Amino acid sequence: MRRSPRDSAESQRKISRRSLMLGAFQAGTVAVLALRMRGMQLAQADEYRLLSEGNSIKIRLLPPARGLIHDRNGYLLAGNESNYRVTITREDAGDVADVLARLRRLIALSDAEAESILAEMRRRSPIAPFTIADRLSWEEFSRIAVNAPALPGVTPEVGLSRFYPRHADFAHVLGYVGPVSDFDLGRIEDPDPLLRIPRFQIGKVGIEAKMEQALRGRAGTRRVEVNSAGREMRELSRQEGDPGDALQLTIDYRLQNYVQARLGAESASAVVIDVTNGDIMAIASAPSFDPNLFVRGISSAAYRGLNENDHRPLADKSVQGLYPPGSTYKMVTALAAMEAGVIGPKETVRCPGFVEVGGRKFHCWRPAGHGNINLQQSLEQSCDVFYYDVSQRVGIDKISDMARRLGLGMHHDLPLSAVADGLAPTQEWKKRRYGRDWVIGDTLNATIGQGFVLASPLQLAVMTARIASGREIVPRLVRSRNGVEIAAPRAAALAIDPAYLEAVRAGMDAVVNSTRGTANGSRIVAAEMRMAGKTGTSQVRNISAAEREGGVTSNEDLPWAQRDHALFVAYAPADAPKYAVALVVEHGGGGSAVAAPLVRDMLLFALYGKLPPLSAYPESQRTRIQTQHDQMQLVDPDEAPPRTSSRA
């Protein structure tokens, strides 16, 4: 069938439209290709020329600056310093052993170090840079940079490393940083790529570890041109990372320095807390150590010396140490007894020097006894029999409930390592823990802070602050983050009758300021600074009946590890409390002779903000105190401490 002329014309028109569309598409494609070729030949010519010559472009991570840590006044406690180091990338180095041999002509590397480097590199990714040496001198760094063309895969770098300008004063608070280990990576489900950077440092203990995420920051990146020999030719682009958060602590560095100096070489710990808001003003453990040693790589001999020291310098005794609180626990029992209605502030108990329960004698520290004694006198003279008597009528569960309300036997959430919970035992606890029933002897031991009861210096400081203020003081250590104030937790009133608290405060006042008080020798004579406190001595060994009958061996005649712990808790001023202190001297002997003078001095420094005037001390002690002040190695009060973020 023949098509009509009209059909033929219509068909030709369709063909013409298709041709135009196809032609337009082809023209557009050619135009795009032409523009792309022009860009590659002109705008990106250099980059593609380099690639064609064997060069490559690589992305490198830029470690961020670690967040700074300051004290409450803005003084630097943890900063960053320039660190010259050299890295090698196995993929770019080729014959690593040969390159390393050449490098050893420029910097000192022992045979053992070289073997260790080669062994470690075989375990690592061939594309990841590996740090051969850090903390190089400028001369060593310069020699490597000049000889870089002959060292394929080797890159001299300038980075940042942590440093602690206050050295041992804050070792247990700040902790320290160290290179990421396989153990660290194994604990993290999805490790930050930063952690793969050779010898990247993370917090190991203390605030550095507990606030690692905040302090670490976020990585930046740099695009670099690397030639066929693995040498970086130039930097193509850079995007800086975000530095870690800046932290401001509640601690006053001058007070911390003084507290650490007063503890000296003792195996001891102390906590100073603001009773109005819970700010920890000082928290010290002795003996201490220089955390810079760990950042720079501590030697095996130095670490062994610290680890094997019987005074345990690596342990933070202020929060990790748990001790029988001794007679400092008597305030807990007194408050529980008054609340239970078994004793009033004026009622008396007769103390003949011991009580006999179940055929066993429980002795008072004073063999002849105290006679008839009321609550205030029982604290003033630290009578044990008074508490043996009332505790049998109160029961351990009510005593331990009071202890927890005062902050003992519970966890305080601070960014420190291994903060211990302590123990305020109950009948149910003993049954669960030992499968045995609680007996009355357990109660008598617990009521004077012995037996199963355990507390840390931090918990004892919180207890003292709550008694002094009448409020549920919660300790805090971080004051602000990136300049934003962190509000102190609101402290509600303690659910304890104020009259009972006042009775206990009167007893603590008498401990120090009454002539019969166990700490009268450590009183503050400046009336506006008067101190209230409680001595404590906790036994670490059992005293046999035969020894008691023949005369108890004095602490001075015992080996150090068998001596009693010395404790003292206090607050001042007694009429308007501002600061509270708790102190434990391991195997120090008596709390009144050893611990009380230390706490008195710490409170005075906190109240005055500097070395206190001699007029605050009893006149008979002023010559000795002046000599003590002259011999102490303290921060110069006129010296401005570092505030800078880094140093060269």
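Residues numbered from 1 in each chain as written. Predicted model: local features only at pLDDT ≥ 70, side-chain atom pairs only at ≥ 80, totals over all residues. Heavy atoms only, no water.

Further remarks concern the overall build of the protein. The secondary structure content of the protein amounts to 25 helices and 22 strands. Counting the 648 residues in the protein, one finds 50% classified as buried. For the protein, restricting intrachain contacts to residue pairs at least 6 apart in sequence, the fraction spanning at least 24 positions comes to 72%. Accessible surface computed for the protein: about 30,400 Å², of which carbon and sulfur atoms make up 50%. (Helix = DSSP H or I, 4+ residues; strand = E, 2+ residues; numbered from the N terminus. Buried < 20%, exposed > 50% of the residue type's maximum accessible area, 1.4 Å probe, protein only. Contact = heavy atoms within 4.5 Å. Areas by Shrake-Rupley, 256 points an atom, 1.4 Å probe, with all protein chains shown as cover.)

Consider a sheet: its strands pair through backbone hydrogen bonds, and that pairing is either parallel or antiparallel. One open sheet accounts for five strands, arranged S12-S11-S21-S20-S19; its pairing is antiparallel. Lying at the two open borders of the sheet, with one neighbouring strand each, are strand S12 (280–286) and strand S19 (532–538). The average angle at which neighbouring strand axes cross in this sheet is 5°, direction not considered. The strands touched by helix H22 (residues 498–513) within the sheet are S19 and strand S20 (565–572), with S19 carrying the most contacts at an inclination of about 75°. (Pairing = 2+ DSSP bridges. Axes fitted to C-alpha atoms, helices over the stretch in contact; angles between N-to-C directions.)

Our next topic: the side chain of Asp184. One can find Asp184 in helix H8 (residues 182–186). At a separation of 2.5 Å, a polar atom in the side chain of Asp184 contacts the side chain of Lys204. In this structure Asp184 touches Pro179, Ile202 and Lys204, once residues within four positions along its chain are discounted. (Polar contact = N/O pair within 3.5 Å; in protein donor to acceptor, adjacent residues only side chain to side chain.)

With respect to the helices, strands and loops of the structure, His629 is situated in helix H25 (residues 622–631). Setting aside residues no more than four positions away along its own chain, His629 makes contact with Leu611, Pro612 and Tyr617.

Turning to the pairing of strand S11 (residues 268–274), a few remarks are in order. Across the seven residues that make up S11, a large majority, seven, are buried. The alternating pattern of S11 places Ala268, Ala270, Val272 and Asp274 on one face and Ser269, Val271 and Ile273 on the opposite face, and all of these are buried. Taken together, the six bridges between S11 and S12 define a ladder with antiparallel strand orientation. Following the sheet pairing, Ala270 is matched in S12 by Ala284. The hairpin formed by S11 and S12 contains five residues between the paired strands, and Gly278 there has a positive phi angle of roughly 85°. The sheet contact formed by S11 and strand S21 (residues 579–585) spans seven bridges and is antiparallel. The partner of Val271 across the bridge, within S21, is Ala582.

Before going further, it helps to examine unusual backbone geometry. For the bond from Ala286 to Pro287, the omega torsion is -5°, close enough to zero to count as cis. If you trace the backbone, Pro287 turns up in the loop between S12 and helix H12 (292–296). With a phi close to 55°, Ser382 is a non-glycine residue in the positive phi region. Positionally, Ser382 belongs in the loop between helix H16 (375–380) and helix H17 (384–394). Of the residues examined, Ser382 reaches a relative accessible area of 5% and is grouped as buried. Backbone geometry at Ala418 places phi at a positive 55°, although glycine is not the residue there. By the secondary structure assignment, Ala418 is in the loop between helix H18 (396–405) and helix H19 (427–434).

The next subject is helix H5 (residues 111–123). Residues three or four positions apart in an α-helix share a direction because the helix packs 3.6 residues into each turn. Under the 1.5 Å per step criterion, the end-to-end length of H5 is 19 Å for 13 residues, consistent within 8% with the ideal 18 Å. At its buried positions, H5 is contacted by strand S3 (76–88), helix H3 (90–93), helix H4 (96–103) and strand S4 (130–133). (Expected span 1.5 Å × (residues − 1).)

Moving on to helix H20 (residues 440–447). Burial analysis of H20 places six of its eight residues in the buried class, the great majority of the element. Within H20, burial applies to Gly441, Asp442, Thr443, Leu444, Ala446 and Thr447. Among the residues trailing H20, Gly449 stands out with phi positive, at a value near 75°.

The next subject is the environment of Ala461. Relative to the helices and strands, Ala461 resides in helix H21 (residues 457–469). Look at Ala461 and you get buried, because its relative accessible area is 0%. Note: C-alpha distance between Ala461 and Val272 (189 residues apart in sequence) is 7.1 Å. Setting aside chain neighbours within four positions, we find Ala461 in contact with Val271, Ile273, Ala580 and Ala582.

Pairing of side chains with opposite charge becomes possible as their charged atoms draw close. By the definition in use, this model includes 28 salt bridges. For Glu212, the salt bridge goes to Arg216, with nearest N and O atoms at 2.9 Å. Here the residue Glu212 and the residue Arg216 both occupy positions in helix H10 (residues 212–216), the gap between them amounting to four residues, near one helical turn. Across the pair, exposure class does not vary: Glu212 and Arg216 are buried alike. (Salt bridge = Lys/Arg side-chain N within 4 Å of Asp/Glu carboxyl O.)

Evaluation of the coordinates by the stated rule reveals 15 aromatic pairs. Ring centres of Tyr75 and Tyr253 lie 5.0 Å apart, and the angle between their planes is 90°; this geometry places the pair in the edge-to-face category. Of this pair, Tyr75 sits in the loop between strand S2 (69–70) and S3 while Tyr253 sits in helix H11 (residues 253–263), placing them 178 residues apart in sequence. Relative accessible area serves as the criterion here: at 16%, Tyr75 is assigned to the buried category. With a centroid separation of 4.2 Å and an interplanar angle of 15°, the aromatic rings of Tyr176 and Phe294 are classed as stacked. One end of the pair, Tyr176, is in strand S6 (residues 176–179); the other, Phe294, is in helix H12, with 118 residues separating them in the sequence. Side by side, Tyr176 and Phe294 carry an identical accessibility label, which is buried. (Phe/Tyr/Trp six-rings, centres within 6.5 Å; stacked < 30°, edge-to-face > 60°.)

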